[in-house]
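Architecture and fold: a report
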Amino acid sequence: MNLLIITQRVDRQDPILGFFHRWIEEFALHCKQITVIGQATGDYHFPPNVRILSLRKERGASKMSQIIRFLSLLWKHRRAYDAVFVHMTPIWVVIGWPLFPLLRKPVYLWYEIRRGGWVLRCALRHVRRVFSATAYGLPFPSPKNVVTGHGIDTRTFSPGLPAERDPHLLVTVGRLTRIKRHELFLQLLAALPPPYRLSIAGGVITAEDERYRTELEAFIAAHNLQDRTTITFLTHAELLPLLRRAGLYLHAGGGGLDKALLEAMACGCPVVSASEASCPFLPEECRATHENFGEKVRAMLDLLQGEKEALGKVLRQEVLAHHNLVRLVGRLVEEMRDDQRSTKHQ
C-alpha cells in the first residue's frame with residue numbers, strides 16, 4: 001500500500017510532535033511508499049521510501065497559502081498514494097473534500113482528544129474510519145470509531161538502572177495549559193518537605209497558556225518553591241533521561257489517553273493519575289481523583305523501593321501489551337487494507 005500521511009509538523013526536535021517522526025518510520029516499514037504532507041517541517045531523516053512535503057508554515061506561509069498548496073499537492077502526487085491517514089487534524093479532511101472522493105482515495109483519521117466541535121463532526125462524515133487509543137479518544141460516539149491502543153516507542157522509552165531513580169524527583173510532562181492541572185502538583189509540592197522537587201517539562205503555545213504560566217509562577221514565588229521547581233520545554237529525545245530519573249510521574253489532565261503518561265510507564269516509572277481515560281489501565285494504587293490526589297501521591301512515596309520497582313515492571317508490561325508503536329502501526333495498516341479490500345468487493 002502507498003500511503004499519504006497528513007500531520008501538523010515533521011520535526012524530531014519538536015517538544016510536542018517530535019514523537020511522530022518515529023510513527024512515520026514505522027509506517028515506512030509496512031508500506032511501499034509514504035508521502036507526508038506537514039504544515040511545517042524541521043529536522044528529519046527517513047528511509048528512501050518516504051517523501052516529505054511542507055505547507056511551509058515554518059517559512060511564515062499564510063493560512064490561505066497553506067490551503068492552496070495543500071490542494072495542489074493532493075492533486076500533483078495523486079498517483080503516489082492509495083489511501084490517506086490524517087493525524088489529529090480533522091480540518092484537513094474537511095479542506096480536502098471533495099477532492100478525495102474525486103481521486104477515489106479513502107481517508108482515515110487518528111484522533112485522541114476529548115474535545116472537538118463542528119470540524120470534527122464534519123470530518124467524521126467523510127472518513128472511512130476514525131482510530132483512537134481508547135474509547136475516550138472522541139468527545140462523542142461514532143460507529144466509525146476503532147479503538148486500537150496508543151503508539152509508544154517502547155524500544156526507546158525503556159527503564160534505566162534502578163540506581164538512576166531519584167525518589168525525591170516528581171515529574172510531569174505536557175503543555176502548560178489549564179486542562180493539565182499543574183496547580184495540583186504545585187500545591188502538593190508545597191505540602192511536601194524540602195527534599196522533594198518538581199520538574200515540569202512543558203511550555204506555552206497560546207496567550208491563555210501564557211496567563212496560566214504567570215499564575216503558576218506567582219504560586220511558586222509565593223510559596224518559595226523557586227529552588228524546588230523547574231519549568232522547561234524539552235525535546236522529545238530529552239524526555240528519556242528525565243523519565244528514567246523520576247521517582248514519580250504526576251498526571252491529572254483531562255482529554256484522551258496521554259502519550260507522555262504511557263512513556264513514563266514504559267520507562268518503569270511509578271505514576272499517579274487522575275485522568276478518566278487512563279485510570280482503567282492502571283493498578284488501584286496509581287488511580288486518583290483531583291480530591292484525593294495528594295493522599296495517593298503520599299501513599300506512593302511511602303512504598304518501599306522494591307515495591308516501586310515491581311510496580312514499574314507492571315506498568316511497563318501494560319504499555320508493551322497494549323500501547324506499543326510496532327503493534328499500533330501494524331494494526332492501523334491492516335485495518336486500512338481490510339477496509340479497502342472489503343470496499344472493492346461491495
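Keep in mind the model is a prediction, meaning the values are calculated, not measured. (Residues numbered from 1 in each chain as written. Predicted model: local features only at pLDDT ≥ 70, side-chain atom pairs only at ≥ 80, totals over all residues. Heavy atoms only, no water.)

With that out of the way, let us pick up the overall build of the chain. Counting secondary structure elements, the chain contains 12 helices and 12 strands. Against the compact-globule benchmark of 20 Å for 346 residues, the chain has a radius of gyration of 21 Å, which places it among compact chains. Dimensions of the chain, computed from C-alpha atoms along their principal axes, come out at roughly 65 × 40 × 40 Å. Looking at the chain as a whole, 55% of its 346 residues are labelled buried. Put simply, 66% of the contacts in the chain that link residues at least 6 apart link residues at least 24 apart. (Helix = DSSP H or I, 4+ residues; strand = E, 2+ residues; numbered from the N terminus. Rg over C-alpha atoms; globule rule 2.2 N^0.38 Å. Buried < 20%, exposed > 50% of the residue type's maximum accessible area, 1.4 Å probe, protein only. Contact = heavy atoms within 4.5 Å.)

Turning to the nonpolar core, a few remarks are in order. Ranked by size, the top nonpolar core spans 84 residues in total, and within it L3, F27, I34, F85, Y249 and F293 carry the most contacts. F27 has contacts with L3, I5, I34, F85, V329, L332, V333 and M336, leaving out every residue within four places of it along the chain. Judged by nonpolar contacts, the second largest core, of 27 residues, contains L4, V84, L103 and F140. (Core = buried A, V, L, I, M, F, W, Y, C linked by side-chain atoms within 4.5 Å.)

Attention shifts here to the packing of helix α6 (residues 182–191) against helix α10 (residues 293–301). Each packed pair of helices is defined by two parameters, the angle between the axes and the distance between the axes. In contact at an axis separation of 10 Å, α6 and α10 are set at 55 degrees when each is read in the N-to-C sense. Comparing their axes, α10 and α6 come out oblique. Here α6 and α10 pass one another in a crossing that is right-handed. Every residue of α10 that contacts α6 at F185, L188 and A191 is listed here: F293, G294, V297 and R298. Here the contact of α6 with α10 is composed, by residue class, of five nonpolar, one polar and one charged. (Axes fitted to C-alpha atoms, helices over the stretch in contact; angles between N-to-C directions. Parallel < 35°, antiparallel > 145°, perpendicular 65-115°, else oblique. Left-handed = near helix turned anticlockwise from the far one by under 90°. Nonpolar A, V, L, I, M, F, W, Y, C, P; charged D, E, K, R; others polar.)

Those residues of α10 that fall on the buried side of the exposure criterion are F293, G294, K296, V297, M300 and L301. Down the axis of α10, the buried set is contained in an arc of 160 degrees. They therefore lie on one face. Contact partners of the buried residues in α10: β8 (169–173), α6, β11 (248–251), β12 (271–273) and α11 (305–322). (Arc of directions from axis to C-beta.)

This paragraph deals with the sheet that holds β8. What the five strands build is an open sheet, ordered β10-β9-β8-β11-β12; its pairing is parallel. Of all strands in the sheet, those bounded by a partner on one side alone are β10 (229–232) and β12. Adjacent strand axes in the sheet meet at a mean angle of 20 degrees, parallel and antiparallel pairs treated alike. With five bridges joining them, β8 and strand β9 (residues 197–201) adopt parallel strand pairing. The residue bridging L170 from the neighbouring strand is L198, located in β9. (Pairing = 2+ DSSP bridges.)

Below, the discussion takes up empty space enclosed by the protein. Under the counting rule described, the total for this entry stands at one cavity of 30 Å³ or more. In this structure, the largest cavity occupies an estimated 40 Å³ of space. The class makeup of the residues in the lining of the largest cavity is two nonpolar, five polar and two charged. (1 Å grid on protein atoms, 1.4 Å probe; cavity = no way out; pocket = protein on both sides within 12 Å on 5 of 7 lines; lining within 4 Å. Points joined across faces, edges and corners; volume = space filled by probe spheres on them.)

With seven of its nine residues buried, strand β1 (residues 2–10) lies for the most part within the structure. Direction of pairing for β1 relative to strand β2 (residues 33–41): parallel, over a ladder of eight bridges. Each bridged residue has a counterpart across the sheet, and for I6 the counterpart in β2 is I37. The handedness of the β1 to β2 crossover, carried by helix α1 (residues 20–30), is right-handed. Pairing of β1 with strand β4 (residues 83–87) involves four bridges; the strand directions are parallel. Of the residues in β4, the one forming a bridge with I6 is V86. (Right-handed = clockwise from strand over helix to strand, strands pointing away.)

Only one face of β10 is buried, namely the one carrying T229 and I231, since none of T230 and T232 on the opposite face is buried. As defined by bridge partners, β9 adjoins β10 across four bridges and the pair is classed as parallel. In the sheet register, I200 faces β10, and the bridge partner there is I231. In this region the chain leaves β9, passes through helix α7 (residues 207–222) and returns to the parallel neighbour β10; the handedness of that crossover is right-handed.

All chains considered together, the criterion is met by 10 aromatic pairs. Ring geometry for F19 versus F20: centroids 6.2 Å apart, planes at 80 degrees, classification edge-to-face. Judged by its relative accessible area of 1%, F20 falls in the buried class. With centroids separated by 5.8 Å and ring planes inclined at 25 degrees, the aromatic side chains of Y44 and F46 adopt a geometry described as stacked. In this structure, R121 packs its charged tip against the face of F140, placed 3.9 Å from the ring centre. (Phe/Tyr/Trp six-rings, centres within 6.5 Å; stacked < 30°, edge-to-face > 60°. Lys NZ or Arg CZ within 6 Å of the ring centre and 35° of its normal.)

Within the secondary structure, V93 is located in helix α3 (residues 90–95). Here the alpha-carbon distance between V93 and H126, two residues 33 residues apart in the chain, equals 7.4 Å.

Honestly, that's just the spatial picture; any functional story needs more than this.
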